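Below, each chain spelled out in residue letters.
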Amino acid sequence: MSTQLLEFNPTIEGTASAWMSRGACAQSDPNVFFPHDGVGVEIAKAICSDCRITGPCLEYALAHRIEHGVWGGCSERQRRRILRDRRAAARETGLVAVAA
Ligand code: SF4
């Protein structure tokens, strides 16, 4: 678990708008985070790379099953892969996956 997540957990702190103002994207056009091509995804991910709440943002998107856009530095495809991997790991261990 990242130290970011220990300090701040948006999955239990309410709405996205309440915590997203702390992110590197707060001053960016929101449309940047809903790109239509791979170049756009890389632009959004570059902004996320300078963000202090990347881990919590990603967990929020996973927990809320947000399918579209770049969240926590991950593309839609990357988040689907994370969820799939967590489900597989949970099946192997017999545990319930978080945000799976
Ligand atoms: S990780 Fe990216 S999308 Fe999430 S708050 Fe930070 S800059 Fe915004």
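The rules we used
- Sequence positions are assigned chain by chain, starting from 1 and proceeding in written order.
- The model is predicted, so local features are restricted to residues of pLDDT at least 70 and side-chain atom pairs to those at 80 or more, both for listing and for counting; the totals for chains, interfaces and linings are taken over all residues.
- In this text, helices come from DSSP runs of H or I with a minimum length of four residues, and strands from runs of E with a minimum of two, each type numbered from the N-terminal end.
- We call a residue exposed when 12 or fewer other C-beta atoms sit within 10 Å of its C-beta, buried when the count reaches 20 or more, and partly exposed for counts in between; the C-beta positions come from the backbone.
- Each residue gets a C-beta atom placed from its backbone, and two residues are in contact if those atoms lie within 7 Å.
- We count a residue as near a molecule or strand when its backbone-placed C-beta atom lies within 6 Å of that partner.
- Basically, the charged four are Asp, Glu, Lys and Arg, the nonpolar ten are Ala, Val, Leu, Ile, Met, Phe, Trp, Tyr, Cys and Pro, and anything else, Gly included, counts as polar.
- Throughout this description, the term nonpolar core refers to a group of buried Ala, Val, Leu, Ile, Met, Phe, Trp, Tyr and Cys residues whose C-beta atoms join them within 7 Å.
- Multiplying one less than the number of residues by 1.5 Å gives the expected span of a helix.

1. Things to note about the overall build of the chain
Reasoning step 1: A count of helical and extended segments in the chain gives five helices and zero strands.
Reasoning step 2: Traced from its N-terminal end to its C-terminal end, the chain shows the element sequence α-α-α-α-α.
Reasoning step 3: Across the 100 residues of the chain, 22% fall into the buried class.
Reasoning step 4: Here the analysis covers contacts within the chain between residues at least 6 apart in sequence; of these, 48% occur between residues at least 24 apart.

2. With respect to the site of the ligand
Reasoning step 1: Around the ligand, the surrounding shell holds 14 residues, and the nearest of these are Gly-23, Cys-25, Cys-48, Cys-51 and Cys-57.
Reasoning step 2: Mapped by element, the contributors of at least two residues to the shell around the ligand are α3 (38–48) and α4 (54–63).
Reasoning step 3: Looking at the shell around the ligand residue by residue, the classes come out as ten nonpolar, four polar and no charged.

3. Digging into α4
Reasoning step 1: In terms of burial, α4 is largely enclosed, as nine of its ten residues are buried.
Reasoning step 2: After α4 finishes, the residue Arg-65 shows a positive phi value of roughly 55°.

4. Considering the nonpolar core
Reasoning step 1: Core analysis: the biggest nonpolar cluster contains 14 residues, and Ala-44, Cys-57, Leu-58, Ala-61, Val-70 and Trp-71 have the highest contact counts within it.
Reasoning step 2: Of all the elements in the fold, those that place two or more residues in this core are α3 and α4.
Reasoning step 3: Residue contributions to this core peak at five residues, all from α4.
Reasoning step 4: Non-local contacts of Val-70, meaning those with residues more than four positions away in its chain, are made with Phe-33, Pro-35, Val-41, Ala-44, Lys-45, Cys-48 and Ser-75.

5. What about unusual backbone geometry?
Reasoning step 1: With a phi close to 55°, Arg-65 is a non-glycine residue in the positive phi region.
Reasoning step 2: Within the secondary structure, Arg-65 sits in the loop between α4 and α5 (76–93).

6. Digging into α5
Reasoning step 1: For α5, with 18 residues, the first-to-last C-alpha span of 26 Å sits near the 26 Å given by 1.5 Å per residue.
Reasoning step 2: Here α5 lies mainly on the outside; one of its 18 residues are buried.
Reasoning step 3: Gly-94 lies just past α5 and shows a positive phi near 80°.

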